[in-house]
Amino acid sequence: MGETEQAPPGVDITIPSPARMYDYILGGTDNFEVDRQAVETVRKQMPELADAAWANRGFLQRAVRWLAMQGVRQFIDIGAGLPTMNNTHDAAQAVAPDARVLYVDNDPLVTAHANRLLANSSGTAFITADFRDPEGLLGHEVTRATIDFTRPVALLAVALTHFVPDEDDPWGLIQQYMARLVPGSYLALSSITSDRQVDKAVGTVREVYSRSTAGARPRSLREIERFFTGLEIVPPYEGAAASLTYVGLWGAEDPEAADSDGSRWGYCAVAEKTG
């Protein structure tokens, strides 16, 4: 997106946006020079940045397909971002054409992009809402028109919670969402981690995102495990224990081949609400 182009209302092109940065990392065009500069600063200390982003994207797609194969037909994708290929509804509807997907984001450029992208997509809807407002998000008229809360729902919080500071209690927020969902619903969540990473790279991630519209907070395995309290974690691949794993390994046919430096930047899991 050229700097001479008109930015949609509410879009500040002087401050990096995590959604636009993610779009640039994945090769998209809905980003600005300030976003590209921020990404390149991170990439200097984290050369596996693109690998990490694609590993996370792969987790989303594999998890959604798996969930659809379990019979889930409703998905709420919070922090959906800007990617234009292989989105949640593409993965879900490839398995179940009747699957319904509600996309949620609070970035104004995502709103403009989503309205274009979803104009001709059946079974999809988008709302502008904040993860930190469960009542407003779940009570939105579009949400109520799209999602039947008497039936199982998959809540997708992929690469989302690390943008929520501890003081906003992202763990409690996830519990609030899951409390509204019936048994048989699922949580699919991934988060970047500081475990076993070079301090300088972690510090650069924190510093660059602190100057963006949302600071990033890499968390430990134990902190990320807390998001799944009270839920039954699904084994991430055949022969694995029911526990968190790196984003590239979840659903992998050959976990050893799927392991990579980028994959180890994020932990993930899919877990069911059983009661």
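Data block above holds the structure.
This one's a predicted model, so the numbers in the text were calculated from it and none came from an experiment. Just so you know, the residues in each chain are numbered from 1, in the order the chain's sequence is written. Restriction of local features to residues with pLDDT of at least 70 applies here, the model being predicted, together with a cutoff of 80 or more for giving and counting side-chain atom pairs; totals for whole chains, interfaces and linings are based on all residues. Calculation of side-chain values draws on the structure's entire complement of heavy atoms; hydrogens and water are dropped beforehand.

Caption draft 1: Summary view of the overall build of the protein chain. Strands are runs of DSSP state E lasting at least two residues, helices are runs of H or I lasting at least four, and both sets are numbered from the N terminus onward. Helix and strand counts for the protein chain stand at eleven helices and eight strands. Scaling as 2.2 N^0.38, a compact globule of 275 residues should have a C-alpha radius of gyration of about 19 Å, and the protein chain matches this with 18 Å. Considered along the principal axes of its C-alpha atoms, the protein chain spans approximately 50 × 40 × 35 Å. Exposed residues in this analysis have more than 50% of their type's maximum accessible area, buried residues have under 20%, and partly exposed residues fall in between, with area computed by a 1.4 Å probe over protein chains only. Here the protein chain holds 275 residues, and the buried ones make up 54% of them. What makes two residues a contact is simply this: any of their non-hydrogen atoms within 4.5 Å. Within the protein chain, counting contacts between residues at least 6 apart in sequence, those at least 24 apart form 70% of the total. Values of accessible area rely on a 1.4 Å probe in the Shrake-Rupley scheme; residue burial ignores everything except the protein chains shown. Accessible surface for the protein chain amounts to roughly 12100 Å². Of this, 48% is attributable to carbon and sulfur atoms. The positive charge centre, built from 24 side chains, and the negative charge centre, built from 37, are 1 Å apart in the protein chain. Only the C-alpha atoms count toward the radius of gyration. The rule for a globule is 2.2 Å times the residue count to the power 0.38. For the purpose of counting charges, residues Lys and Arg are taken to be positive, whereas Asp and Glu are taken to be negative. His and the chain ends are not included. For charged residues, the charge sits on one atom: NZ in Lys, CZ in Arg, CG in Asp, CD in Glu.

Caption draft 2: Structural context of unusual backbone geometry. One non-glycine residue, Asp169, lies in the positive phi region at around 50°. With respect to the helices and strands, the residue Asp169 is situated in the loop between strand E4 (154-158) and helix H8 (170-179). Here the phi dihedral of Arg196 falls at roughly 60°; this positive angle occurs in a residue that is not glycine. Within the secondary structure layout, Arg196 lies in the loop between strand E5 (186-192) and helix H9 (199-210).

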